[in-house]
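Structural overview for review
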Amino acid sequence: MMYSLAAASKAAVLCTFLAMPNIVLSQGVGRTIQFVNESGKRIEVHWIHPDTGEMVLQSSPFIFNGATFELNSYVGHTFQLRELPGKRSGVCGDAGEDMACRTDMVTVSENDEQVVLIKKGVVAIHEDDKTRARDTTEELMAYCRESAKNKLQGSNLTGEATTKVLDEMAECVEESVAKKLAEANEEVVFQAKIRKEIAAKWENYTCADLEVESSEPKEKSVWVNRKEYRRYTVGKFLDRDEAKIHVIENFITAEECEAMESAAEPRLHRASVADESGGSKFSAARKAMQAGIKVRWELEDKGNPIAVLSRRVYDYTNYATGYGLEEFGQEDLMSIQYFGRNYESGEEPDRYTPHCDGDCNGLKHKDGGRVATMVMYCKIPDEGGATQFRNSGIHIKPKFGMATFFSYMGSDGIMDTGFTEHSGCPVTKGDKKIVTQWMRYGVDKDNHWTSWNTMGVKHSEAYND
């Protein structure tokens, strides 16, 4: 969720600000800044009034350990990050250290893609597009500088003179490369902003127009499942390192659909979404029924349809991504059902508004977090129910038996930046029944997926204070 400066302040305080001639909240160069709490503590974010020094709480009321808080601000605004006393201990600091509540400061720069990593000890590391470009350049130049020094050994120049010349050369190249990288990144940010603005308008248009055809894949290939001696036709709609969207024909059988529906029937309950504190909640953004089905892996060799299906899911995922995922510690297979009769009776239609299944912020993957999804279609509605990736311009109308696969972690461990954000269009007539598998990286027999809360923090560390 996006939070503006004005929205975060109390009404009375805001009125006072607007009355001050030196403060202009509605003008200036705006910048979005993300605060990522990795401190192990609960953190408050306060805006500091530039004239009076008054602290104005922005974080409503604080940022949980492991959470990300995004704020719309302005260049030059300064914020104080303030540690809160431990929920259990009632004191600040770490064991054996000063119990004073620690603080740090950060000022919004004119650069884009600003992220503040709040580390242990409440130490703020402020990154943006230009600092990341400079860091990358410095890493590249370190190797070149060392190699050049080694090659110049034995020349007529003294060691000190040689080092000085090389340092001057490296500094010149470093500045030039950093400038070029920053310019390129600025263009990427600009294009991404336009793309997402267009996508928001495209979302409603395509969901409402029942005559819109499915997007065409950029490439078609064949996956050979050697365990089942079967070939599957795969349409690749997006195939980036950190963001893949594939459609696999005839992936789930009628028998497997029936087995999942029978197992789910007595367990169906209202679907929920993640909340801001690491738990879950009901939301109008997601209107459906669901049931988690445990896979009985001990029956796989006997041809249990649910176990055979689940193995196929992991086999394809590892084939497409190289993640090397195993079944141990993973989430249950999920039966999700959308009913058109709700809309026909006058209710809001069953649907799932745009969302990401895992993090899609371009940051490093959180251990145990989701990295891939497989959606398999068992019953197709008469109207609606398409799967849509609005930021990628991909609209997929379901067909019985097919599966939509998408992954959102790159080989470098960096997450997608929104290309796999997706939605389930409203079901307005008939029923839509799907089987979904959310897959995680970093889980195993000893670290079950339930060890983490919905913000990607282990329960054992959520209140590690």
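A word on helix 6 (residues 305-321)
Counted at 1.5 Å a residue, the expected span for helix 6 with its 17 residues is 24 Å, and the 24 Å between its end C-alpha atoms agrees. Burial of helix 6 is extensive: 13 of the 17 residues sit out of reach of the surface. Between the side-chain oxygen of the N-cap and the backbone nitrogen of Ile-306 there are 3.1 Å, and the N-cap of helix 6 in question is Asn-304. Positive phi shows up at Gly-322, right after helix 6, with a value of about 75°.

Brief notes about the packing of aromatic side chains
A full pass over the atoms with the stated rule returns 13 aromatic pairs. Considering the side-chain rings of Tyr-316 and Tyr-319, the 5.7 Å spacing of their centres and the 50° angle between planes classify their relative orientation as tilted. Residue Tyr-316 and its partner Tyr-319 are located together in helix 6, separated by 3 residues, close to a single helical turn. Under the relative-accessibility criterion, Tyr-316 is labelled buried at 0%. Centroid distance Phe-406 to Tyr-408: 6.2 Å. Interplanar angle 40°. Geometry classified as tilted. Judged on exposure class, the residue Phe-406 and its partner Tyr-408 are both buried. The structure contains a cluster of three or more aromatic residues connected by ring pairs, namely Trp-223, Tyr-232, Phe-251, Tyr-316, Tyr-319 and Phe-405. Across the ring face of Phe-339, the terminal group of Arg-341 is positioned such that the distance to the ring centre comes to 4.2 Å. Above the ring of Trp-438, the side-chain terminus of Arg-370 is found at 4.2 Å from the ring centroid.

Considering the side chain of Asn-342
Counting through the fold element by element, Asn-342 comes out in helix 7 (residues 341-344). Residue classification places Asn-342 among the buried positions, given a relative accessible area of 18%. Apart from the residues lying within four places of it in its own chain, the contact partners of Asn-342 are Lys-287, Glu-347, Glu-348 and Asp-350.

Digging into the packing of helix 5 (residues 254-264) against helix 6
Two numbers describe how helix 5 lies on helix 6: the axes approach to 9 Å, and their chain directions differ by 115°. The orientation of helix 5 relative to helix 6 falls into the category roughly perpendicular. Between helix 5 and helix 6 the crossing geometry is left-handed. Side by side, helix 5 and helix 6 meet where Glu-255, Glu-256, Ala-259, Met-260 and Ala-263 of the first sit next to Pro-305, Ile-306, Val-308, Leu-309 and Arg-312 of the second. The residue inventory of the contact of helix 5 with helix 6, partitioned by class, reads 7 nonpolar, no polar and 3 charged.

Considering the confidence of the model for the protein chain
Averaged over all residues, the pLDDT of the protein chain equals 86, while 90% of them reach at least 70. Taken as a whole, residues 1-27 scores under 50 in pLDDT and shows 39 contacts with residues more than four places along the chain or in a different chain.

Some points on the sheet that holds strand 3 (residues 43-48)
Strand order across the open sheet formed by 4 strands is 4-3-6-7, with antiparallel pairing between neighbours. Because the sheet does not close on itself, it has two edges, and the strands there are strand 4 (55-57) and strand 7 (103-107). Going across the sheet, the axis of each strand differs from the next one's by a mean of 35°, ignoring polarity. As paired strands, strand 3 and strand 6 (residues 78-83) are joined by 5 bridges and run antiparallel to one another. In the strand pairing of strand 6, Val-45 is matched with Leu-81.

Here we look at a negative patch on the surface
Together, Glu-326, Asp-367, Asp-444 and Asp-446 make up a region of like negative charge exposed at the surface. The topology assignment puts Asp-446 in the segment after strand 26 (431-440). You can call Asp-446 exposed: its relative accessible area is 71%.

The rules behind each value
Residues numbered from 1 in each chain as written. Predicted model: local features only at pLDDT ≥ 70, side-chain atom pairs only at ≥ 80, totals over all residues. Heavy atoms only, no water. Helix = DSSP H or I, 4+ residues; strand = E, 2+ residues; numbered from the N terminus. Expected span 1.5 Å × (residues − 1). Buried < 20%, exposed > 50% of the residue type's maximum accessible area, 1.4 Å probe, protein only. Polar contact = N/O pair within 3.5 Å; in protein donor to acceptor, adjacent residues only side chain to side chain. Phe/Tyr/Trp six-rings, centres within 6.5 Å; stacked < 30°, edge-to-face > 60°. Lys NZ or Arg CZ within 6 Å of the ring centre and 35° of its normal. Contact = heavy atoms within 4.5 Å. Axes fitted to C-alpha atoms, helices over the stretch in contact; angles between N-to-C directions. Parallel < 35°, antiparallel > 145°, perpendicular 65-115°, else oblique. Left-handed = near helix turned anticlockwise from the far one by under 90°. Nonpolar A, V, L, I, M, F, W, Y, C, P; charged D, E, K, R; others polar. pLDDT = per-residue confidence, 0-100. Pairing = 2+ DSSP bridges. Patch = residues over 30% accessible without salt bridge, like charges linked within 9 Å, V, L, I, M, F, W, Y side chains within 5 Å. Areas by Shrake-Rupley, 256 points an atom, 1.4 Å probe, with all protein chains shown as cover. Salt bridge = Lys/Arg side-chain N within 4 Å of Asp/Glu carboxyl O. Lys, Arg positive; Asp, Glu negative; His and termini not counted. Charge placed at Lys NZ, Arg CZ, Asp CG, Glu CD.

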